[in-house]
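Structural description and commentary
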Amino acid sequence: MSGAEPAVGSGKADPILRADGVRRSFGGLTAVDVDHLEVQRGTITALIGPNGAGKSTLFNVLTGFDRADAGEWTFQGRKFNGLAGHKVAQRGMVRTFQLTKALTRLTVLENMLLAAPGQRGERFFGAFGRWMWTGQEAANRERALELLARFKLDAKKDDIAGSLSGGQRKLLEMARSLMVEPAMVMLDEPMAGVNPALVQSLLEHITSLRDEGTTVLFVEHDMDVIMGISDWIVVLAQGQVIAEGRPADIRSNQQVIDAYLGAHHDEPDAGGAGDEGDRKEGQP
Ligand SMILES: Nc1ncnc2c1ncn2[C@@H]1O[C@H](COP(=O)(O)OP(=O)(O)OP(=O)(O)O)[C@@H](O)[C@H]1O
């Protein structure tokens, strides 16, 4: 992150994402009101802020799962505002989702295959189409098995996803998001509900994604995790970016301390890597 100023809306050397004037209201409540935001390619960037700050809404809007009331944004130089969610994912920007009830009833491998690109077999007609489709399926299966091995879930490939532990589910959510070989993954609270034994493993997966060139944007509440792995931190409060910078900049930013870090500033995470209830402890 050399060169970037720790200031709201600062320009980045090689932004993968640039957003301008992104707004989303629900009735009279402005959930997101971001004037300008750039995310540097190849970094781990954290999006933090108190409950209700607009983090999830911003994720939803950028990834086409919710509509913005206003705003323009580009990803890898291409206009993305107005794109439907599946197109956003196809073009390299993928967010993780908690496994829905329906997905928990499928096997781990089925979950992976459902996240594969080109789930459009029905569009192909005739023998040539079927042949192409079979090739695509084989490639998807190979990629799924490779990713499951990487995330140490290969032994569980035929298990029902609902039988996985909280941490294993997070690994599966991450593995699913990589089926489309994204340029940027957006992780929504990757550590929530993860037991201590798996926290370190998840952290290593996130940093190795970055080291391989994937940009990571994540929402998280655990301050130890945020300060430990982020190259850059963006702080939202009441829908607006109130600060951004390196971990050291954010730690010492009085506005952030007042709005978010509060009395817990610089204290070790009292909850450790416990359940989700523990993880939310440091919030106002
Ligand atoms: N679909 C919706 N309808 C009405 N209000 C909503 C909707 N989604 C979000 N909001 C409101 O928008 C604001 C921002 O919510 P959002 O979930 O984006 O915050 P957040 O920073 O992700 O919070 P948390 O850390 O608790 O997950 C909140 O006041 C929330 O109640």
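Computed from a prediction, not measured in an experiment: that's the story for all the values here. (Residues numbered from 1 in each chain as written. Predicted model: local features only at pLDDT ≥ 70, side-chain atom pairs only at ≥ 80, totals over all residues.)

Comments concerning the packing of helix α6 (residues 166-177) against helix α7 (residues 196-211)
Going by this rule: Here, axes are lines fitted to C-alpha atoms. For helices the fit covers the stretch in contact, and angles between N-to-C directions go from 0 to 180 degrees. A run of DSSP states H or I qualifies as a helix once it reaches four residues; a run of E qualifies as a strand once it reaches two. Both are numbered from the N-terminal end. For this classification, under 35 degrees means roughly parallel, over 145 means roughly antiparallel, 65 to 115 means roughly perpendicular, and everything else is oblique. Residue pairs qualify as contacts under a 7 Å threshold applied to their C-beta atoms, which are placed from the backbone. By the convention adopted, Pro, Cys, Tyr, Trp, Phe, Met, Ile, Leu, Val and Ala count as nonpolar, Lys, Arg, Asp and Glu as charged, and the other residues, Gly among them, as polar.
Contact geometry of α6 with α7 gives a least axis separation of 10 Å together with a crossing angle of 10 degrees. Judged by the angle between their axes, α6 and α7 are roughly parallel. Along the contact surface, α6 presents G167, K170, L171 and M174, while α7 presents L198, L202 and H205. Within the contact of α6 with α7, the residues separate by chemical class into 4 nonpolar, 2 polar and 1 charged.

What about the domain arrangement of the chain?
Put simply, the test is: Residue ranges for the domains originate in an automatic or database domain assignment.
In terms of domains, the chain is made up of domain 1 (1-92 + 183-284) and domain 2 (100-181). Counting residues at the interface gives 11 residues for domain 1 and 9 residues for domain 2. Among the elements that take part in the side of domain 1 that touches domain 2, α7 stands out by supplying 3 residues, more than any other. Split by residue class, the side of domain 1 that touches domain 2 holds 7 nonpolar, 4 polar and no charged.

With respect to the sheet that holds strand β1 (residues 15-26)
Under the convention used in this document: When DSSP locates at least two bridges between a pair of strands, those strands are taken to pair.
Across the sheet, which stays open at both edges, the 4 strands sit in the order β2-β1-β4-β5 with antiparallel pairing between neighbours. Each edge of the open sheet carries a strand with a single partner, namely β2 (29-40) and β5 (78-79). Of the pairings in the sheet, the one linking strand β4 (residues 70-75) to β5 comprises 2 bridges and is antiparallel in character. Among the inter-strand pairings, T74 is bridged to a residue of β5, identified as K79. With respect to the sheet, helix α1 (residues 55-62) is in contact with β1, β2 and β4, its orientation differing from that of β2 by roughly 65 degrees.

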